[in-house]
Amino acid sequence: AINLLNPVHFLFATFGALINVGASTCAAGCIGRKKEDRAAGYATLALVLSIVIPLVVSVFGLVFFSWVSQLLGTPEQLSQLVCEYGRILMAGGVTIVFMYYPFNFAKIDGRPNLGTYMFGLMFVLDLLFGILFLRILHMGISGMALAFVLSTLIGDLAGLWMLLIPKKRMVRLGKIQDGVKMFVSLVETGSSMALNNVCNIFKMLLLNYLIGAMLGGVGLTVFAVVGTINSFSNSLISGVAQTITPLIGVFYGEKDNISIERVIAIAKRMGCRLMFLMTFFLCVVSPWLGNLFGIGQGEEQRMLIPALCLFAFSFVPGVLNHIYIFHYFTTEKIFLANILTFLRGFGVLALAAKICQWATLGNAIWFSFAVAEIMTLGICI
């Protein structure tokens, strides 16, 4: 049920990325051009939009939730669980969007560790609330949803508080000047990250359908594990790539191309080493990883090992693609960034997965992730 609701989470994440990645990147460029008042305007606009837009989406989502459930392809036997978890998730959508605000603006402020503290707090609170609501109060899947929303809300407020504590900081709240023009600018700049989340929505819907048709319930079980590993790997991949955004934004504003090249070279070297180790590690531990997800010996375990190994080959080209995408949209090459985002996030992946279905290649569908990253990198080069 929770896996079926991932597109709802990605929808709010789309708005969070669109608003805050876009606004923080624009603000970094303004700082590089010594336009601090303009940067403060972007910070204020992002704060307002991060609250207003998800509240509007939540109202519509709750009113038409039965239609949303049908759109997600919810089986009848899961409809009650999806309804219980989904309504709480929809109501708490503002917490998902708002987490992007302190996370992105703290990096411009020279405090990237703030994101670590914020998400660490969310993680601990989610566990504690989960124990309280599930084990003690026996609230079931509603308790899981409530634990997630409450932990995210507290983490958001803590992140905002930590962001605004220092008296001396690079990004302040200020007057919004030329609001429409600023809005258009942040939407253009943040469109690549928003498009990435939109692609994730359609990717999940398509792969759920194809894997279910080709490999049945066993395949969907394995896909749930692969999806979890994919989320973890993306946190590392996008973490490396996002680090360059505030640096390149300032250097781009200063027209310091040499520093931009150095930053990209360091990110590529660090990212490739990290993801090569991740690939090697996942291939080594794949025979035992199923036990962590409750998959013992059986058909699921036999399918999981090659699935993880084939999927792992997407890591190294994936981090390079992310670095180029973040570089392009930070330096105002929005079209290039969006093309690469679409190709790796959905276009090539969907084509490769569909070919596997046509050719009845079965387990080869897990290599579609790597094919998408490798072909996109080739096009980029």
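Each remark here, short or long, concerns the structure printed above.
All values reported here derive from a predicted model rather than from experimental measurement. Numbering of residues begins from 1 in every chain and follows the order in which that chain's sequence is written. Reporting in this predicted model follows two pLDDT cut-offs: at least 70 for local features of residues, and 80 or more for side-chain atom pairs to be given and counted; totals over whole chains, interfaces and linings ignore these cut-offs and use all residues. The side-chain numbers reported here are obtained from all heavy atoms of the structure, hydrogens and water having been left aside.

J.: Quick one: what's the story with the side chain of Arg344, residue by residue and with numbers?
T.: Counting from the N terminus, the helices are the DSSP runs of H or I reaching at least four residues and the strands are the DSSP runs of E reaching at least two. Mapped onto the elements, Arg344 comes out in helix H14 (residues 334-358). Polar contact is the term for a pair of N or O atoms within 3.5 Å; when the atoms are in protein, one must be able to donate a hydrogen and the other to accept it, and sequence-neighboring residues count only if both atoms are side-chain atoms. Within the structure, Arg344 has its side chain in polar contact with the side chain of Glu373 (distance 2.9 Å). In this structure, Arg344 is in contact with Asn196, Asn234, Asn321, His322, Ile325, Leu349, Ala372, Glu373 and Thr376, ignoring residues within four places of it in sequence. Residues are treated as being in contact if the distance between any of their heavy atoms lies within 4.5 Å.

J.: Explain the nonpolar core to me, using residue names and the numbers behind them.
T.: Ranked by size, the top nonpolar core spans 107 residues in total, and within it Tyr101, Phe105 and Trp366 carry the most contacts. Looking at this core, the element that brings in the most residues is helix H9 (residues 179-242), giving 18 residues. Take the buried residues of types Ala, Val, Leu, Ile, Met, Phe, Trp, Tyr and Cys, join any two whose side-chain atoms come within 4.5 Å, and each joined set is a nonpolar core. Note on classification: 1.4 Å probe, protein chains only; a residue is buried when its accessible area is under 20% of the maximum for its type, exposed when over 50%, partly exposed between these limits.

J.: Please provide a residue-by-residue account of helix H13 (residues 315-330), values included.
T.: Taking 1.5 Å as the rise per residue, H13 with 16 residues should run 22 Å; its terminal C-alpha atoms sit 23 Å apart, in good agreement. Judged by how many residues are buried, H13 sits mostly within the fold: 15 of 16 residues are covered. One or two positions beyond H13, positive phi appears at Glu332, with a value near 65 degrees. Given the number of residues in a helix, its expected span is that number minus one, multiplied by 1.5 Å.

J.: So what's going on with a positive patch on the surface? Residues and values would help.
T.: Among the surface-exposed residues, Arg33, Lys35, Lys181 and Lys255 lie close enough to one another that they form a single positively charged patch. For Lys255, a relative accessible area of 70% puts it in the exposed group. Residues form patches when they are more than 30% accessible in relative terms and have no salt bridge. Like charges link within 9 Å. Nonpolar side chains (Val, Leu, Ile, Met, Phe, Trp, Tyr) link within 5 Å. Only the protein chains shown count as cover for residues, and all accessible areas are computed by the Shrake-Rupley method using a 1.4 Å probe. Any carboxyl oxygen of Asp or Glu that lies within 4 Å of a side-chain nitrogen of Lys or Arg is treated as forming a salt bridge with it. We count Lys and Arg on the positive side and Asp and Glu on the negative side, and we leave His and both chain ends out. Charged side chains are reduced to one point each, which is NZ for Lys, CZ for Arg, CG for Asp and CD for Glu.

J.: Now, about the pattern of salt bridges: what can you tell me, with residues and values included?
T.: This model, assessed by the stated rule, comprises one salt bridge. In this structure, Arg344 and Glu373 form a salt bridge, with 2.9 Å as the shortest nitrogen-oxygen distance. Placement of Arg344 in helix H14 and of Glu373 in helix H15 (residues 368-380) is noted, with a sequence separation of 29 residues between them. Both residues of the pair, Arg344 and Glu373, count as buried.

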